[in-house]
Amino acid sequence: QVQFVESGGGLVQPGGSLRLSCAVSGIAFSQFTLGWYRQAPGKLRALVASISSGDITRYVDSAKGRFTISRDSAKNTLYLQMNSLKPEDTAVYHCNEYPSRPDSPWGQGTQVTVSS
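Residues numbered from 1 in each chain as written. Predicted model: local features only at pLDDT ≥ 70, side-chain atom pairs only at ≥ 80, totals over all residues. Heavy atoms only, no water.

## Topic: the pattern of salt bridges
Let me state the cut-off plainly: Salt bridges are identified by distance alone: a Lys or Arg side-chain nitrogen within 4 Å of an Asp or Glu carboxyl oxygen. Accessible area is worked out with a 1.4 Å probe on protein chains only. A residue is then buried under 20% of its type maximum, exposed over 50%, and partly exposed in between. Numbering goes from the N terminus for both helices and strands, where a helix is a DSSP run of H or I of at least four residues and a strand is a run of E of at least two.
Considering all chains together, one arrives at four salt bridges under this definition. For the salt bridge of Asp61 with Lys64, the shortest nitrogen-to-oxygen distance reads 3.1 Å. A residue is classified by how much of its surface remains accessible, and Lys64, at 48% relative accessible area, is partly exposed. Between Arg66 and Asp89 there is a salt bridge, with its nearest N and O atoms 2.7 Å apart. Residue Arg66 is found in the loop between strand 6 (57–59) and strand 7 (67–72), and its partner Asp89 is found in the loop between strand 8 (77–82) and strand 9 (91–97); the two are separated by 23 residues along the sequence.

Spelled out as structure tokens, the structure:
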């Protein structure tokens, strides 16, 4: 059974940093392209960054230069290092395959709140 368990969110001041983690089980972790997504209040869930099985990374424009996605195949864990956080980064962050499958389960996510 595929499972994604996100952690590491919290309340941080503008300009601060957070490192999100996602424990993945039920899939051949190293063989899949994975992504971090976020859903802000009143908005649809959207991709933030992705990393391929060959460790090729891609970012949405708003994340470039501030966020870094990485993976540890020995631990089946996906990471998102977020620096220089802005209030507009406030959202619930999720991880999943990229692109996500229609029947792919979503975890509860981890809340990131950027506020002074």
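## A short note on the nonpolar core
Short version of the rule: Definition used in this section: a nonpolar core is a set of buried Ala, Val, Leu, Ile, Met, Phe, Trp, Tyr and Cys residues joined via side-chain atoms within 4.5 Å. When checking whether two residues touch, look at their non-hydrogen atoms; a contact exists if any pair is within 4.5 Å.
Core analysis: the largest hydrophobic core is formed by 26 residues, its most contacted members being Trp36, Phe67, Leu78, Leu80, Met82 and Tyr93. Those elements that place two or more of their residues in this core are strand 3 (18–25), strand 4 (34–39), strand 5 (46–51), strand 7, strand 8, strand 9 and strand 10 (110–114). Element by element, the count of residues in this core is highest for strand 3, at four residues. Leaving out residues up to four positions away in the same chain, Met82 has contacts with Gly16, Ser17, Leu18, Leu20, Arg66, Phe67, Tyr93 and Val112.

## Some details on the environment of Ser70
Its location among the elements puts Ser70 in strand 7. When the C-alpha positions of Ser70 and Val48 are compared, they lie 13 Å apart, and in sequence the two are 22 residues distant.

## With respect to the side chain of Arg38
Stated precisely, the cut-off is as follows: Between N or O atoms, a polar contact is any pair within 3.5 Å; within protein, one atom must be a potential hydrogen donor and the other a potential acceptor, and residues adjacent in sequence are included only when both atoms are from side chains.
In this fold, Arg38 is placed in strand 4. A polar side-chain atom of Arg38 sits 3.4 Å from a polar atom in the side chain of Ser62. Apart from residues lying up to four places away in sequence, Arg38 is in contact with Leu44, Arg45, Ala46, Val48, Ser62, Phe67, Glu88, Asp89, Ala91, Val92 and Tyr93.

## Describing the environment of Tyr59
Looking at the element boundaries, Tyr59 is found in strand 6. The partly exposed category is assigned to Tyr59, whose relative accessible area is 22%. Taking the C-alpha atoms as reference points, Tyr59 and Trp36, 23 residues apart in sequence, are found 9.6 Å from one another. Setting aside residues no more than four positions away along its own chain, Tyr59 makes contact with Val48, Ala49, Lys64, Phe67, Thr68 and Ile69. Here the side chain of Tyr59 touches Ile69 through a polar contact of 2.9 Å, landing on its backbone nitrogen.

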